Amino acid sequence: MNLKQGIALMSSVLAFGLATEAGAVCTQTAASQADRDLWNTHGCWQDFFLWQYKAYGLRSGDWSNRGWNAACNVNLEFPKHWNASYLLTYGMEDDWNQSFHGTEDYRATAEARSSNFHDSLYHSITDRTDVFGTFTPRFWPWDTDRVETACPLYNPNVSNSNPGSRAGDYMHEGWHAYFDKYNFDNGNTGGHRPGPQGACTINGCDYFYFHGISKYPFGAMWENNGTASKFHSPNQVQVEFLCDVADQSHWWIPLSVRQTAASDANARAASRFINGPGYTCGSPRPW
Amino acid sequence: MQRNTRRVLSRAGTLVVTLGLMSGSAAVAQDKPTSENPSNIPPSRVIAGRPLHSPPKMNAADARKSVNAFITWAGESVVEEQSTARRALASAAKQPELVQAFMEEILAAHESGDTSRALVGLGLLGEMRTYDGAKFLVEFVRKPLPTKGTVIEGELQEEAQQARLQAKAIAGVAYLRNEEFDREVAYQAGNHPSVIVRAEAISAYLWNRGDSLEARKALEPFVRKEERLYLDRVRRVTGEGADAFNRKLTAYLKAHPEVQAPDPVRKDPRPPEEKPNTFDETPPKF
């Protein structure tokens, strides 16, 4: 086999691999009640999804057969992806005296744009079932970092398939990008410390860097002083976002979205921090 | 030998460039998403058009159907409508058929895997504060956790999913504020196999007793020694201002200096990105 034949073969194999990935899909049979309830507050708002795909750097090839050309079918992955973006773009109350952080922090963490929060990234999707999401730093100097969200955030029979948890994962993966931008090493277990250890019961553990309310001006969540006194971990950013959805979102956010966010926040806070638990959110009153 | 090396390097270089171009070409393929029936109405108008405080009526004659509709409404309802839901639940609590229908709907949602719907149902049943409802919630909390399924980051998803629901259920048991059921909450605070449920049991037990010192003392013997920290854990609730929250946090950190995290660790810097994305279009007006 000569060089040209070799390149042709390699290209075919790679192209086949890409096509296979684009053709595979997660379960697309339904959407959770929380997804549907939030969806009903916009009824498939075109102006937003035409903005969202650019803001998140989505590439059509990644999302074919996943709702790219059926953006109003909430059973599919792209509609669920932008439904979660809608929550974090418009849903937060941003009360300086009560919220952990503001919309500008959460948006900058999730969106593709290069900023103080992270270098440029784009959102893709994977059919993996063993992760909620992944962050892959760029390999080529001219390329961009990649955030992938995975089937458990889209399959209607998994508890994290709801807009709060999905957007929470944008926070988590976006914060791995933050660690790369500022050269912090959070461990080699998928970007976390190995576990179980301390109060952490799973195999990817973080520290919780406790801080009060009104300690970070809105837009300044990215700031750190290189010590534990001013810092965030990926799971912590996720928990604080979920807490803000549960307790500090706009009046029109459906209770199913708030309650699932509180449930996710509290489960994570109890099981993912070495020096845990983190804060507990939401009222213990059942309804 | 030298010529072979050059040839190998040249071929490797060509391959690298080809792969790089393929990666680049995937990156530039962009076309707009489309849909058949999109809405052009801003959400502010959609939301304004939704009538508030109009829950579907629940009646014993058609219990399952009407409870199903009520759970759907409740999921979509907003904080301002909580009092409306509570009034409807207080009335439904007097009708055993409706209480039974809530239990059946919760199990149906759980079996379908829709955690968000099951959470709503469990919350509503807990709010009803009925003896039968609390008995059901206790049985739900005691269900053995799944031992097989999909593992994500070392956590069995089916187990975590059920634990989240059981945490919601134990909050309902605690809300009854009944001595018999309180013993169950205290027991689960130390003995439930999932820390997610143990943590919620502790929080709910204390909250339902005004977070008093007496409640803390009563619960402490049940809580695992290594989890006594949960008795002092900081809770943030809707509407709580910075001063109140920060006071609690300061006291917590003072009482538990061991929760202080170590300083973060540095790694080698990576080269700056060559082509930063500068997209800064404002999102459409809500």
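Residues numbered from 1 in each chain as written. Chains lettered and ligands numbered in written order. Predicted model: local features only at pLDDT ≥ 70, side-chain atom pairs only at ≥ 80, totals over all residues. Heavy atoms only, no water.

As recorded in an unreviewed UniProt entry, chain B goes by the name HEAT repeat domain-containing protein, listed as coming from Corallococcus coralloides.

In the nomenclature of an unreviewed UniProt entry, chain A corresponds to Lipoprotein from the organism Corallococcus coralloides.

### A closer look at the domain arrangement of chain B
All names here are of chain B. Defined as follows: Note that the domain bounds were set by an automatic or database domain assignment. When checking whether two residues touch, look at their non-hydrogen atoms; a contact exists if any pair is within 4.5 Å. A quick way to say it: buried area is the sum, across both parts, of accessible area lost when two parts are put together, with a 1.4 Å probe. Should a side-chain nitrogen of Lys or Arg be within 4 Å of a carboxyl oxygen of Asp or Glu, the pair is scored as a salt bridge. Whenever two N or O atoms come within 3.5 Å, that pair is a polar contact, provided that in protein one can donate a hydrogen and the other can accept it, and provided that, for residues adjacent in sequence, both atoms are side-chain atoms. Secondary structure elements are taken from DSSP: a helix is a run of H or I of four residues or more, a strand is a run of E of two residues or more, and numbering for both begins at the N terminus. In this classification, Asp, Glu, Lys and Arg are treated as charged, Ala, Val, Leu, Ile, Met, Phe, Trp, Tyr, Cys and Pro as nonpolar, and every other residue, Gly included, as polar.
Here chain B is described as being made up of domain 1 (54–128) and domain 2 (145–249). Taken together, the nine residues of domain 1 in the interface contact eight residues of domain 2. Here domain 1 meets domain 2 over a buried area of about 760 Å², counting both sides, of which 71% is carbon and sulfur. The largest share of the area that domain 1 buries against domain 2 comes from His-110, Thr-115 and Leu-122, three residues that together contribute 51% of it. On inspection of domain 1 and its partner domain 2, the count reaches zero salt bridges. Put simply, domain 1 and domain 2 have three residue pairs in polar contact (both at pLDDT 80 or more) between them. The dominant element in the side of domain 1 that touches domain 2, judged by the number of residues it contributes, is helix α6 (residues 115–128), at seven residues. Residues belonging to the side of domain 1 that touches domain 2 are distributed by class as follows: three nonpolar, five polar and one charged.

### Description of the state of the cysteines
Two cysteines joined by a covalent bond between their sulfur atoms form a disulfide. All names here are of chain A. Put simply, the rule reads: Only a pair of cysteine sulfur atoms within 2.5 Å counts as a disulfide in this structure description. Throughout this description, buried means an accessible area under 20% of the type-specific maximum (1.4 Å probe, protein chains only), exposed means over 50%, and partly exposed covers the range between.
Inspection of the entire model under this criterion finds four disulfides over all chains. The disulfide partner of Cys-26 is Cys-151, and the S-S distance across this bridge is 2.0 Å. Judged by the sign of its S-S torsion, about -85°, the bond between Cys-26 and Cys-151 is left-handed. Note that Cys-26 is positioned in the loop between α1 (3–23) and α2 (33–39) and Cys-151 in the loop between β3 (145–150) and α7 (163–181), a separation of 125 residues in sequence. Residue class for Cys-26 comes out buried when judged on its relative accessible area of 5%. Covalent S-S linkage joins Cys-200 and Cys-205, the inter-sulfur distance amounting to 2.0 Å. Measuring handedness by torsion sign, the sulfur bridge of Cys-200 and Cys-205 sits at about -75° and is left-handed.

### Quick look at the nonpolar core
The condition is simple: As used here, the term nonpolar core means buried Ala, Val, Leu, Ile, Met, Phe, Trp, Tyr and Cys residues forming a set that is joined through side-chain atoms within 4.5 Å.
Core analysis: the largest hydrophobic core is formed by 82 residues, its most contacted members being Phe-78, Leu-88 and Phe-241 of chain A. Only α2, α3 (46–55), α5 (77–90), α6 (103–110), α7, α8 (234–248) and α9 (255–271) of chain A together with α12 (242–255) of chain B provide two or more residues apiece to this core. When residues no more than four places from it in sequence are discounted, the contact partners of Leu-88 of chain A are Tyr-56, Thr-103, Tyr-106, Arg-107, Ala-110, Ala-167, Tyr-170, Met-171 and Phe-241 of chain A.

### Quick notes on the environment of Val-195 of chain B
Within the fold, Val-195 of chain B resides in helix α10 (residues 195–207). Relative accessible area serves as the criterion here: at 9%, Val-195 of chain B is assigned to the buried category. Considering only alpha carbons, one finds Val-195 of chain B and Ala-163 of chain B, 32 residues apart in sequence, at a separation of 8.6 Å. Setting aside anything within four residues of it in sequence, one finds Val-195 of chain B in contact with Thr-201, Ala-270 and Ser-271 of chain A together with Glu-227 and Tyr-230 of chain B.

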